Every structure is written in C-alpha cells, then in structure tokens.
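# A look at the structure
This is what each chain is made of:
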Number of protein chains: 2
Amino acid sequence: MRYVHVTMLISLARRNMAMSEPNHNHETHLTMQVVNHIRRLIENGTLRPGDKIPPEREFAQKLKISRASLRAGIGHLAAMGVLNVRHGVGTFVADGPPALGGVSLDILRALHGYTTAQMFEARRILESHLAALAAERGREEHFTALAEEVTEMYATFHEPQEYLIHDMRFHRTIAEASGNPILAVLMETITAALYDERRKTVERSRDLKQSAEVHRELYRAIRSRNAREAREVMERHLHMAESAQVNEQALAKEEKRPAAKKKSARASA
Amino acid sequence: MRYVHVTMLISLARRNMAMSEPNHNHETHLTMQVVNHIRRLIENGTLRPGDKIPPEREFAQKLKISRASLRAGIGHLAAMGVLNVRHGVGTFVADGPPALGGVSLDILRALHGYTTAQMFEARRILESHLAALAAERGREEHFTALAEEVTEMYATFHEPQEYLIHDMRFHRTIAEASGNPILAVLMETITAALYDERRKTVERSRDLKQSAEVHRELYRAIRSRNAREAREVMERHLHMAESAQVNEQALAKEEKRPAAKKKSARASA
DNA sequence: TGGTGGCAGTGGTCTAACCACTCCAGGTTA
DNA sequence: TAACCTGGAGTGGTTAGACCACTGCCACCA
C-alpha cells in the first residue's frame, strides 16, 4: 500500500474574502473543489488505486480548509465509490471491483418510474451481447468457472436463495469473460436491482431445475465459441426469467392480500 | 412544489451508548442511516420528485442528530444525483433528467484502466440497439427533432464545436425515441466521457460533412422504421467515429510535441 | 411606477472538543 | 513458549454553536 505524500497542492480558492463578487454555480463550493482536487490527483496518477490518502486533520490543514469541508468532499467521492473510508483505519482510493451506479436503480425507479419490463429489456440487450463476446473471447479459466457454477446450480435448485447466488455468479463470470469491463459494470448496475427484487420472491419459484438446464445450454454454447447461439440462448433465457419473475410477484401479491379489499394499513408514529 | 412535513420518522438508532457492542459494517454510520431514511421516504412516495425537504436545522432536530451528520447524508444523496441542493434556497428531490454515473468514466478509467476502444465498443452495442428501437417505436415528434438536428449539422460542419452539440443532441433524441430510459441513461453515461474527450480534438476534424451525411442516412432509416438498417448504419457510423477520434488524437499529440523529446514540463506551485 | 435596500430563510464553512473503531506492541498469564 | 489481555496511538465519526454567503421577497423611497 502506497502512502502518498500529497505535496504539490493545487491552491484552493480562498473564501471569506470580504470583497468577493457573488458566488456562481460551478466550482465554487469548497466541497466541490476538494472533489476536483482529489479527482485530479487520481487522474494524473499521483493517487493510485489502493493508496491511502492523508489523515483528515493533516490533509485539511495542508489544503487550508476545515476538516468538515474536507470531509464533505471525501463523502462525495465515497458516495461515488471512488474512495473507500474505513473507520479507525484510513481513507483509500478504491481498487476493488468497480461499481458505477451507487444509485441503485431502485431509487431511479422511484424517481422516474422505470418499469421492470424496461429493466429486463436493457438487461437482455446487454447480456446477450456479453454472452456473444464471452464466446468469442473467453479463456479457459472462465469456462471452468462457468462449469462450476452450473454444477452448483444443479446441486441447489431445491434451495432458492443458494441457487440465486450461483445464478448471479454465472452471469457475472460471463461479463468478465466478455473482456469489456464497462459493459460488465453496466450489466451489474441493472442486475443488482433486479436480483435484489428477485430475492424476495424466488422462494416461490418452481422452475429452478429448468433454469439450470438453460444455463447449461448457455455454457455449452459459450464453451464451443458459438457466439450466435450464445446470444440466442441468453436472450431466450432472459425472456423466460422475466416471465418467471412476473409470475412470482403475482403469487406473492396474492398471498399477502387474501381476498381482503384494504391495501394494508400504513403505520404512523 | 410540495413542501413535505416529514412527520413519521423511522427512529434512528442511538449512538454514544456506553455499553454498545463493536460497531459493525453496514447500517451503523449515522450518515448511512440518514441516506437510507431519505431513500425510504422517496421509495414509499412520501417524498416525490421536486419536493423540498425540511431545512437542515429543523430536519436534524427532528431526526435527533447533529446538523453535520445530516449534511453528510444529504451530501451522499446529492453526490448520487438523488437530491439537489441549492444554496440559499433549499434541498430538493431530483426531478430533472436522470443521471446515473456521477462518477464520469474519466475516473473509472483512471482507476481501472478502461480503454477508449472498450468505451466505443460499449457505445456501439448500446446505440445500435437504441437506433433499432427508435425505428420501431419513435413518434412523429422524435422524427421532427432528428430532422432538425441533421439540418443544423449540415449548417455547422465548418464550425466543429457547434457541430458537436447537434451531434450529441441527435444521439440523445434517438435514445429518447427508443422508449427505454434506462438504456438512454446508460448511453449518456458513456457518451458523456467520450464527448468530453472529443471536444478537445474535434477542431482538427476534416470529415464533418461526411459525418453529417451518415447522420442523414441514419435519420432516414429510422424515419422509415427500418430497424435493421438503422442498426447497421449506426454501427458503421460509430466505427467511423472511433477511427476519426483516434486520428484526431494522434494529430493533437504530434502538434503538442514538435519533435522534441521532453514531455512538456509540469508547473508546480 | 420602478427601483433598491434590507431582512428572513436556508445552505456553507469553521472551530474545537470528544467519541468510537482498529491495530499492534508489550506485558501477563497459563 | 504460547496464548491472551491491555492499553495507547492513529484515524475516522459526531457533536455543538457560531458565523458567513446566497436567494427571494417585501417594504420603503424616489
């Protein structure tokens, strides 16, 4: 782990100046300046993944700002997944697997009314390409990992929660095998929300064995480097998955509301 | 604008308890609790896009936490684009056009070494589908907007910066016409980084008229609802765009380093 | 009528102190 | 010797209260 002495500091604009003209939009807020400052340090290589940034008190003093403002900036970057704050240890530049969203489509759906159908459509487009790319570019290690997950799926199709984990890993491995981490991240962003939803209803599923079969078929297409077939199977699989999830949700809804008319009372403080 | 009285507060866990067991990972930090609290309010409809959340002092008091902690949580949500903070006015639930990333691939590239080729590949996959969907689902108003942008492109192909704006708008309109806002957001995330890069080099481009031609072709394919052709033309267009950008960057690099060996000195404070 | 100055409301920043978590060195105990 | 405490140093998390800076609007004045 490199501990970086962030010496050459880009001077932050001063505040508290009595005769300053009105504050404008963009790069005024101190916290944004902190964000940009650290971003620059990362972009130009001064800070690299895994590096530890200086302790807050020290860093704040060097930047000639209060610790609170520094923390606001760090908070921003942490929210975006760029920094990784560990209480009692330090703050580090993210280095693990990337994560684009942070927003989790859950919220976006609440804000903009995204439908499950749209999410599945997006997923279908991304994953079918991912499967094709994986067939073209996948390496032996990927195939091995895929085979293992399929095996696990057969072994756990009577145990939905467990099954779901291997399902997820299978798809993630395909994404990795595609050789395009950007597409992989985009997929992850979408499926995270989808899986999260599915976890609540998967118990009711009765087609997990059939699902395992499809995954096996998918594996064989990829392994034999048949990109066209991989794409098609994936597309078919996801169409099935969509119907399955819709069914499960319908079941869940019925269960919760056993012929009653009221929509379930809302608790208040 | 609804001003919401956030009455029923989900009780936030207490801290500062002398006999508390060690702090664990997830939902401990006060700031995360604030994030989750507000997120819940949005997800269950208590807070809706455009709503104003209570003033910080008041809200903090209601939640029984310090203003600083509340601000940390708000900062997180603001970083993710969920909240919109306006100095001197208030804090609002985002309602404008969504924005997934926030991270801007720029950083991700610095952190994980994404290449421009990968970004173009991702873009190609997304946009070709977007074009096909637009051909299938686009409405008259979209076609009109597309036609206007093409016209503007012809009118400004001698003025690169201006041209680029219409180029961007053209593609954005296609995304809108596709009827899938999720795919649109994903595309926006990628192209934002790409355009940002291109803005620096587009001055050197000498093929803008040809580019306008392709866009016109694309428009005609979409307008005539020929999904297959739309996809193909888009794919071809983006392949061309990629080579063009690579060329421009090569030119730019040569220009900056006129046969000298040094890599340009770096200024220090 | 048309400014325009100022006030009220709200977010932004600062300070200084203290709390809570991690890690590890160094002593204690079995 | 080996396993176990213990406490301190380092670092992020939280609090409190004060003050600064921006926005919008209303009352006053020309």
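Cut-offs used in this document
Numbers given for residues are sequential positions, taken from 1 along each chain in its written order. Written order decides the labels, with chains lettered from A and ligands numbered from 1. It should be noted that, the model being predicted, local features are given only for residues of pLDDT at least 70 and side-chain atom pairs only at 80 or more, the latter also being counted only at that level, while totals for whole chains, interfaces and linings use all residues. Side-chain numbers come from the whole structure's heavy atoms, not from hydrogens or water. Between Lys or Arg on one side and Asp or Glu on the other, a salt bridge is scored when a side-chain nitrogen of the former is within 4 Å of a carboxyl oxygen of the latter. Secondary structure elements are defined from DSSP: runs of H or I of at least 4 residues count as helices, runs of E of at least 2 residues count as strands, and each element is numbered from the N terminus. Between buried and exposed lies partly exposed: a residue is buried under 20% and exposed over 50% of the maximum accessible area for its type, with that area taken using a 1.4 Å probe on protein chains only. Strands were regarded as paired on the criterion that DSSP finds at least two bridges between them. Axis lines are fitted through C-alpha atoms, for helices just across the contact stretch, and the angle between N-to-C directions can take any value from 0 to 180 degrees. Note that the term roughly parallel is reserved for angles under 35 degrees, roughly antiparallel for angles over 145, roughly perpendicular for angles of 65 to 115, and oblique for everything else. If you view the pair so one helix is near and one far, a crossing is left-handed when the near helix is turned anticlockwise from the far one by less than a right angle, and right-handed when it is turned clockwise. Should any heavy atoms of two residues lie within 4.5 Å, those residues are counted as being in contact. Asp, Glu, Lys and Arg are counted as charged, while Ala, Val, Leu, Ile, Met, Phe, Trp, Tyr, Cys and Pro are counted as nonpolar; the rest, among them Gly, fall into the polar class. Definition of nonpolar core: a set of buried residues of the types Ala, Val, Leu, Ile, Met, Phe, Trp, Tyr and Cys, connected through side-chain atoms within 4.5 Å. Residue-level confidence of the predictor, termed pLDDT, takes values from 0 up to 100. Expected span of a helix: the number of residues minus one, times 1.5 Å. Throughout this description, a polar contact denotes any pair of N or O atoms lying within 3.5 Å of each other; where both atoms belong to protein, one of them has to be capable of donating a hydrogen while the other can accept it, and for residues adjacent in sequence the pair is counted only when both atoms sit in side chains.

### Examining the pattern of salt bridges
Residues and elements named next belong to chain A. For the structure on display, the rule yields 26 salt bridges over all chains. Residue Glu242 pairs with Arg124 through a salt bridge whose shortest N-O separation is 3.0 Å. Taken together, the residues Glu242 in helix H10 (residues 227–256) and Arg124 in helix H5 (residues 116–137) connect sequence positions 118 residues apart. A residue is classified by how much of its surface remains accessible, and Glu242, at 17% relative accessible area, is buried. Taking the relative accessible area as the measure of exposure, Arg124 reaches 14% and is therefore buried.

### A few points about the environment of Leu47 of chain B
Assignment of secondary structure puts Leu47 of chain B in the loop between helix H1 (30–43) and strand E1 (52–53). Along the primary structure Leu47 of chain B and Met187 of chain B are separated by 140 residues, whereas in three dimensions their C-alpha atoms are 28 Å apart.

### A look at the sheet that holds strand E1 (residues 52–53) of chain A
Residue and element names in this part refer to chain A. Taking strand neighbours across the sheet as the criterion, the 3 strands line up as E1-E3-E2 in an open arrangement whose pairing is antiparallel. The open sheet has two edge strands, E1 and strand E2 (83–86), and neither has a second partner. Of the strand pairs in this sheet, E2 and strand E3 (residues 90–93) are connected by 4 bridges, and their pairing is antiparallel. Its bridge partner being in E3, Val85 is matched across the sheet by Thr91.

### Focus on the packing of helix H7 (residues 160–177) of chain A against helix H9 (residues 208–223) of chain A
All names here are of chain A. At a closest axis distance of 12 Å, the pairing of H7 and H9 adopts a crossing angle of 20°. Relative to H9, H7 is oriented roughly parallel. Every pair of crossing elements has a handedness; the one defined by H7 and H9 is left-handed. When H7 is examined against H9, the residues Pro160, Tyr163, Asp167, Phe170, His171 and Ile174 are found in contact with a partner set consisting of Leu208, Ser211, Ala212, His215, Leu218, Tyr219 and Ile222. Tallied by class, residues from the contact of H7 with H9 come to 9 nonpolar, 3 polar and 1 charged.

### A look at the nonpolar core
Soluble globular proteins tend to pack their nonpolar side chains together in the buried interior. Counting residues in hydrophobic clusters, the biggest one holds 80 residues, and the most contacted among them are Ile174 and Ile222 of chain A together with Ile174 and Ile222 of chain B. Non-local contacts of Ile174 of chain B, meaning those with residues more than four positions away in its chain, are made with Leu130, Ala131, Ala134, Leu146, Leu218, Ile222 and Met234 of chain B. By size, the runner-up hydrophobic cluster in this structure holds 44 residues, among which are Val34, Val35 and Val93 of chain A together with Ile53 of chain B.

### What about the sheet that holds E1 of chain B?
All names here are of chain B. Spatial strand order, E1-E3-E2: 3 strands in an open sheet with antiparallel pairing. Across the chains shown, the open sheet's two edge strands, defined by having one partner strand only, are E1 and strand E2 (83–86). Running at roughly 115° to E2, helix H3 (residues 67–79) makes contact with E1, E2 and strand E3 (90–93) of the sheet.

### Brief notes about the pairing of E3 of chain A
All names here are of chain A. On E3, burial covers both faces: Gly90 and Phe92 on one face and Thr91 and Val93 on the other are all buried. Sheet analysis places E1 next to E3, joined by 2 bridges and oriented antiparallel. Following the sheet pairing, Ile53 is matched in E3 by Thr91.

### Remarks on the confidence of the model for chain A
For chain A, per-residue confidence averages 83 on the pLDDT scale, and 81% of positions sit at 70 or higher. In this model, residues 259–269 of chain A is a region of pLDDT below 50 whose contacts with residues beyond four sequence positions or in other chains number 5 contacts.

### Re the packing of helix H6 (residues 140–156) of chain A against H9 of chain A
Residues and elements named next belong to chain A. Between H6 and H9, the shortest axis-to-axis distance is 9 Å and the interhelical angle comes to 165°. Classified by the angle between their axes, H6 and H9 sit roughly antiparallel to one another. Between H6 and H9 lies a crossing whose hand is left-handed. Seen from H6, the contacting residues are Glu140, Phe143, Leu146, Ala147, Val150, Met153 and Tyr154; seen from H9, they are Ala212, Glu213, His215, Arg216, Tyr219, Ile222 and Arg223. Partitioned by chemical class, the residues of the contact of H6 with H9 number 9 nonpolar, 1 polar and 4 charged.

### Examining the side chain of Arg123 of chain B
With respect to the element layout, Arg123 of chain B can be found in helix H5 (residues 116–137). Sequence-distant contacts of Arg123 of chain B, that is, excluding residues within four places in its chain, are made with Ser128, His171, Ile190, Thr191, Leu194, Tyr195 and Leu238 of chain B.

### Observations regarding helix H9 (residues 208–223) of chain B
Here H9 of chain B spans 22 Å end to end across 16 residues, near enough to the 22 Å set by a 1.5 Å rise per residue. Positive phi shows up at Arg225 of chain B, right after H9 of chain B, with a value of about 60°.

### Describing the side chain of Ser211 of chain B
Residues and elements named next belong to chain B. For Ser211, the position within the fold is in helix H9. Owing to a relative accessible area of 13%, Ser211 belongs among the buried residues under this scheme. In this view, Ser211 contacts Tyr163 and His237; residues no more than four positions away in its chain are not counted.

### Notes on the environment of Ser178 of chain B
All names here are of chain B. Mapping Ser178 onto the fold places it in the loop between helix H7 (160–177) and helix H8 (181–198). Relative accessible area serves as the criterion here: at 0%, Ser178 is assigned to the buried category. For the pair Ser178 and Gln118, spaced 60 residues apart in sequence, the C-alpha to C-alpha distance is 23 Å. Excluding residues within four positions of it along the chain, Ser178 makes contact with Leu130, Leu133, Ala134 and Arg137. Of the polar contacts made by the side chain of Ser178, one reaches the backbone oxygen of Ala175; its length is 2.7 Å.

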